[in-house]
Amino acid sequence: MERERLYLFDTTLRDGAQTQGVDFSVEDKTNIAKALDKLGIDYIEGGWPGANPGDTAFFNNPPELQNATLTAFGMTRRPGRSVSNDPGLSAILDAKTPAVCLVGKSWDFHVDVALGITIEENLELISDSIAESVRQGREAMYDAEHFFDGYKANPEFALACLKAAYGAGARWMVLCDTNGGTLPDEVERIVTEVLEHIPGSHLGIHTHNDTENAVANTLMAVKAGVRQVQGTLNGLGERCGNANMMSLIPSLVLKEPFKSMVDTGITEEGLKSVTLVSRLLDDILNRSPNLHQAYVGDAAFAHKGGLHVSAVEKDPRTYEHIEPQIVGNKRHLLVSDQAGRSNILAQLREFGLELDPKDPKVDRMLEEVKEREFKGFSYDGALASFELMARRRMGLVPKYFDVESFRVQVERRHNARGEIVSVTDAVVKVMVDGERYLSVGEGNGPVNALDAALRKDLGKYSDYIDDLRLVDFKVRILTSGTEAVTRVLIESTDKSNKRWFTVGVSPNIVDASFAAMIDSITYKLYKAGAPASLQ
Ligand SMILES: CC(=O)SCCNC(=O)CCNC(=O)[C@H](O)C(C)(C)COP(=O)(O)OP(=O)(O)OC[C@H]1O[C@@H](n2cnc3c(N)ncnc32)[C@H](O)[C@@H]1OP(=O)(O)O
Ligand SMILES: CC(=O)C(=O)O
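About the criteria used
- Residues numbered from 1 in each chain as written.
- Chains lettered and ligands numbered in written order.
- Predicted model: local features only at pLDDT ≥ 70, side-chain atom pairs only at ≥ 80, totals over all residues.
- UniProt positions renumbered as here; feature names shortened; annotations may be inferred.
- Near = placed C-beta within 6 Å.
- Helix = DSSP H or I, 4+ residues; strand = E, 2+ residues; numbered from the N terminus.
- Nonpolar A, V, L, I, M, F, W, Y, C, P; charged D, E, K, R; others polar.
- Pairing = 2+ DSSP bridges.
- Axes fitted to C-alpha atoms, helices over the stretch in contact; angles between N-to-C directions.
- Contact = placed C-beta atoms within 7 Å.
- Parallel < 35°, antiparallel > 145°, perpendicular 65-115°, else oblique.
- Left-handed = near helix turned anticlockwise from the far one by under 90°.

Going by what an unreviewed UniProt entry lists, the chain is known as Citramalate synthase and is assigned to Sneathiella marina. Turning to the chain, the UniProt record has this under Sequence similarities (unreviewed entry): "Belongs to the alpha-IPM synthase/homocitrate synthase family." Regarding the chain, the relevant UniProt record gives this comment under Catalytic activity (unreviewed entry): "pyruvate + acetyl-CoA + H2O = (3R)-citramalate + CoA + H(+)".

As structure tokens, then:
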């Protein structure tokens, strides 16, 4: 059976811009549009020309796209205005994009409450606006807002809205689950009924994730016969978001029945780039990637349970539904209190260390991990600390320095202008090559001051750690055993841009931070091949 073409429509730059906390600059929009184009998306909805200066500027200077059709979004003409005398509609058409997508009502309740007009007049708004877009040479689409709720309330009217748009020349009628409350079986049933009136090759689906079913609803609609799907990168969008393109694309390309049913136009290379594109959006939004995002999250192919790792080592298909590389992701085998010997051996191999599985060191490492995790350590988020621990057990980590003591003093006082300021001083005493170094550092908090003091003078090691930077710092108070302890996770980097994570645990937050910091510095010295201290 020949596969039918399924068109991918991305609305990150329009519905995604309606996400709480998201505010794209024009440059962000341009970069995202280029990435979507490269990925192989068919339509890129760039925003709403005339709605705000950013969107207008984006359409005034649109990015050059190789594959995708740039689409301007907006609403049908306003009641009481003609298409030639509606500044909103004119702004959309003046953007001169090859395609326009106009949202219109399809729920009689909305026509009554939100627009306050008759249902007949609403049909005219739709047909007039679509006809004008077609007359001006645009590929026109009608976003049938609240279609599913509208269909359930008044199917004749909801269908009449679609027919008004279709009759006026719309290429696509997009069925929107605007409030996101429809469930997959309803979507399938309603789409099947709509197909008796409008061919699937002219129907699209736009879902929201308010019941966590946006992707499932989209897949059901495709299964039923729609041939355009709308979604956003990482599922951005109004309220709980839209259908996540990063999950839709791999499912449509790799899973049955879609694989045999539709052709999305996404190439093998495009599919491999989905993880990268997902991260690009997080970078632009300055957000931490969602570890647990399907297909593209860092944990999507991370195996923690000992039983899982043992089997994955024999054949990854035992616990993976696809190969991570297909979507540009990677497999991780984690070490934690859920680990077995297989986790330890697999992780050591990642470090380039081969140990005989029967070597007693493996059991001792496993015991140490479990004991320390019971005390509050967490190694699946602090691989550098685990690597140091494992290498120490194997006698591979030299002694670099000994911290004799440290002291921190936090002072909160008024400055000369009467403003409250907080100053922190730290003093650290370390022994290197049998010599004592005493350094004083100042910072905006204890960790910052200790970091400054420790790195001010570490004797012959100072040059090795010149470019080390602590980039993130996470604190958690936990109850381990019977006492409350603090766990500090530190993320460090250097000029090579490599990042490593270390952990410290103590009843005292400063002490826990210091321990994580010492691990970070030791890791850096080890990786740089620094010589041992002559003690
Ligand atoms: C389901 C969706 O996600 S649709 C997309 C929603 N996205 C956005 O709203 C983001 C961009 N929007 C905006 O910047 C502004 O809302 C604008 C510029 C479009 C309009 O701003 P304003 O003119 O101040 O109107 P406001 O937003 O307060 O209200 C919307 C008006 O459009 C009318 N309207 C709503 N939908 C439609 C429609 N499909 N066709 C015609 N008119 C409509 C409303 O009845 C209301 O009219 P009223 O002011 O006479 O009551
Ligand atoms: C058009 C749109 O975003 C919606 O109906 O949800």
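What follows continues from the structure just given.
Describing the site of ligand 1
The environment of ligand 1 is formed by 17 residues, the closest being Ala51, Met75, Thr76, Val103 and Gly104. Contributing elements (two or more residues each) for the shell around ligand 1: strand S5 (99-105) and helix H4 (108-115). At three residues, S5 tops the list of elements feeding residues into the shell around ligand 1. Tallied by class, the residues present in the shell around ligand 1 amount to seven nonpolar, five polar and five charged.

Observations regarding the site of ligand 2
All residues adjacent to ligand 2 are Asp15, Val103, Asp143, Glu145, Cys176, Thr178, His206 and His208. Class assignment of the residues belonging to the shell around ligand 2 gives a composition of two nonpolar, three polar and three charged.

Description of the sheet that holds strand S13 (residues 402-414)
What the three strands build is an open sheet, ordered S13-S14-S15; its pairing is antiparallel. Both edges of this open sheet fall to S13 and strand S15 (435-443), since each of them pairs with a single strand only. Neighbour-to-neighbour, the strand axes of this sheet turn through a mean angle of 15°, independent of strand direction. Sheet analysis places strand S14 (residues 420-432) next to S15, joined by nine bridges and oriented antiparallel. Across the sheet, the residue bridging to Thr424 is Gly443, located in S15. Each of S13, S14 and S15 touches helix H18 (residues 446-456); the most contacted strand, S15, lies at about 145° to it.

As for the pairing of S14
Strand residues, when the strand is regular, have side chains that alternate between the two faces of the sheet. Across twelve bridges, S13 lies against S14 in antiparallel orientation. Paired with Glu411 across the bridge in S14 is Val423. As consecutive antiparallel partners, S13 and S14 are separated by five residues, and within that stretch Gly418 has a phi angle of approximately 85°, a positive value. Taking the residues between adjacent antiparallel strands as the criterion, S14 and S15 are bridged by two residues, where Asp433 takes a positive phi near 50°.

Some details on the UniProt feature "domain: Pyruvate carboxyltransferase" (unreviewed entry) in the chain
Cross-referencing UniProt, the feature "domain: Pyruvate carboxyltransferase" (unreviewed entry) maps to residues 6-272 in the present numbering. The span residues 6-272 shows a helical share of 43% and a strand share of 18%, and its end C-alpha atoms are spaced 19 Å apart.

Focus: the packing of H18 against helix H19 (residues 509-527)
Between H18 and H19, whose axes approach to 10 Å, the crossing angle comes to 40°. Comparing their axes, H19 and H18 come out oblique. Pair H18 / H19 crosses with right-handed handedness. Between H18, through Pro446, Val447, Leu450, Asp451 and Leu454, and H19, the contact on the second element is made entirely by Val510, Ser513, Phe514 and Met517. Split into classes, the residues belonging to the contact of H18 with H19 amount to seven nonpolar, one polar and one charged.

Structural notes on the sheet that holds strand S7 (residues 172-177)
Spatial strand order, S2-S3-S4-S5-S6-S7-S8-S9: eight strands in a closed barrel with parallel pairing. Across the sheet, the axes of successive neighbouring strands diverge by a mean angle of 25°, strand direction being ignored. Judged from the seven bridges that link them, S5 and strand S6 (residues 139-145) form a sheet pairing that is parallel. Paired with Ala99 across the two strands is Glu139, which belongs to S6. Of the strands in this sheet, strand S4 (69-75) and S5 are in contact with helix H3 (residues 87-94), which crosses S4 at around 180°.

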